[in-house]
Amino acid sequence: MREFLIKTFKESDYQYAQALLKNGELFFQHVNNYREMEEDIQRSDFDEGTAVDSFSAHITPNVDFFYIKDLDGKKFYLDWAAAKKAYPFLQKGHMHLQLSYVVDWLIYSMTYINSSTFDRQKIFETIAKLGKYSVVILDCNSFIKSVEQKVKIVKKGLISYVEDKIIDPFTKRKAAYFGQNEYRFAISANGATTKTIQVGPVSGFICESKNIPDIERYL
């Protein structure tokens, strides 16, 4: 089965397309960057990186500051006074809690296409909207292994697009973003907002995004 990974760039970022092809240069960005990209309607997503964790807890009458758990390298606590102010009906004792938080990850996303990919025409149309130029990677497995050898990956893989509530910050996104059909890499941010790595020359080519449908002949 033939498959492709495609990274699309704005016309002003053509130099970065060249850097990806020649040096395997990947520019990771924090999930918060995408939450704040209001000017870029194609890439912005206010829910990017939001995780939801559910659990049970027992809060005794004399406890006012309650340790919940460690998640994604962060410690979470419950301030009872603040919680009671926000939710007056709360009572101490055994309760079921749901914690929503933003993961501290940097991510790098590409479009994935193979002969079994559903609604490729929609994906081609989305790629054209994302930017003028696209880098088409021909040897996907080699590229993915090169990334794994260069940086410690927290998660990697294809994204699913769903209509229901998103509770997983990596594997699922809202159905409205289906046209991006992403393959993603996530790494720990460790306080950084961006990170650039180079994995070496990539087997592929640069073309205008409007011509991406031409790869159909190879699928």
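Note that the structure is predicted; figures quoted are calculated from it, not measured.

Asks: Explain the overall build of the protein chain residue by residue, including any values.
Replies: In terms of helices and strands, the protein chain carries five helices and 14 strands. Seen through its principal axes, the protein chain has C-alpha atoms that stretch 70 × 35 × 35 Å. Relative to its 219 residues, the protein chain shows a buried fraction of 45%. A fraction of 76% describes how many contacts in the protein chain between residues 6 or more apart in sequence connect residues 24 or more apart.

Asks: Can you lay out the side chain of Asn114 for me, pointing to particular residues and giving the numbers?
Replies: For Asn114, the position within the fold is in strand β7 (residues 105–114). Take Asn114: its relative accessible area is 8%, and that puts it in the buried class. Of the polar contacts made by the side chain of Asn114, one reaches the side chain of Tyr112; its length is 2.9 Å.

Asks: How would you explain unusual backbone geometry if you had to name every residue and give the values?
Replies: Positive phi values are uncommon outside glycine, yet Asp119 reaches one of about 50°. With respect to the helices, strands and loops of the structure, Asp119 is situated in the loop between β7 and α4 (120–130). A positive phi angle is found at Asn181, which is not glycine, with a value near 35°. Residue class for Asn181 comes out buried when judged on its relative accessible area of 12%.

Asks: I'd love a proper account of the environment of Phe46, names of residues and values included.
Replies: Mapped onto the elements, Phe46 comes out in the loop between α2 (31–35) and β3 (50–59). Judged by its relative accessible area of 61%, Phe46 falls in the exposed class. When the C-alpha positions of Phe46 and Tyr34 are compared, they lie 7.0 Å apart, and in sequence the two are twelve residues distant.

Asks: Give me the nonpolar core: which residues, what numbers.
Replies: Leu78, Tyr101 and Trp105 are the most contacted members of the largest nonpolar core, which has 26 residues in total. If you list the elements that add at least two residues to this core, you get α2, β3, β4 (65–71), β5 (74–79), α3 (80–86), β6 (93–102) and β7. Those residues in contact with Leu78 that lie beyond four places of it in its chain are Ile59, Asp64, Phe65, Phe66, Ile68 and Ala83. Judged by nonpolar contacts, the second largest core, of 25 residues, contains Phe9, Cys140, Tyr183 and Val199.

Asks: Would you mind going over the pattern of salt bridges in detail, with residue names and values included?
Replies: For side chains bearing opposite charge, pairing can occur when the charged atoms are close. According to the stated counting rule, one finds seven salt bridges in the structure shown. With a closest N to O distance of 3.5 Å, Lys132 and Glu11 form a salt bridge. Of this pair, Lys132 sits in the loop between α4 and β8 (133–137) while Glu11 is found in the loop between β1 (3–9) and α1 (14–23), placing the two residues 121 residues apart along the sequence. Of the residues examined, Glu11 reaches a relative accessible area of 51% and is grouped as exposed. Through salt bridges with shared partners, one network takes in Arg173, Glu182 and Arg184.

Asks: Mind laying out the side chain of Arg184, listing which residues take part and the relevant values?
Replies: Tracing the sequence through the fold places Arg184 in strand β12 (residues 182–188). Overall, Arg184 belongs to the buried group, its relative accessible area being 2%. Side-chain polar atoms of Arg184 contact the side chain of Ser109, separated by 2.8 Å. Beyond its immediate stretch of four places on either side in the chain, Arg184 contacts Glu48, Ile107, Tyr108, Ser109, Lys155, Lys156, Gly157, Ile159, Pro169, Phe170 and Arg173.

Conventions used here
- Residues numbered from 1 in each chain as written.
- Predicted model: local features only at pLDDT ≥ 70, side-chain atom pairs only at ≥ 80, totals over all residues.
- Heavy atoms only, no water.
- Helix = DSSP H or I, 4+ residues; strand = E, 2+ residues; numbered from the N terminus.
- Buried < 20%, exposed > 50% of the residue type's maximum accessible area, 1.4 Å probe, protein only.
- Contact = heavy atoms within 4.5 Å.
- Polar contact = N/O pair within 3.5 Å; in protein donor to acceptor, adjacent residues only side chain to side chain.
- Core = buried A, V, L, I, M, F, W, Y, C linked by side-chain atoms within 4.5 Å.
- Salt bridge = Lys/Arg side-chain N within 4 Å of Asp/Glu carboxyl O.

Keep in mind that these numbers describe shape and distance, not what the molecule does.
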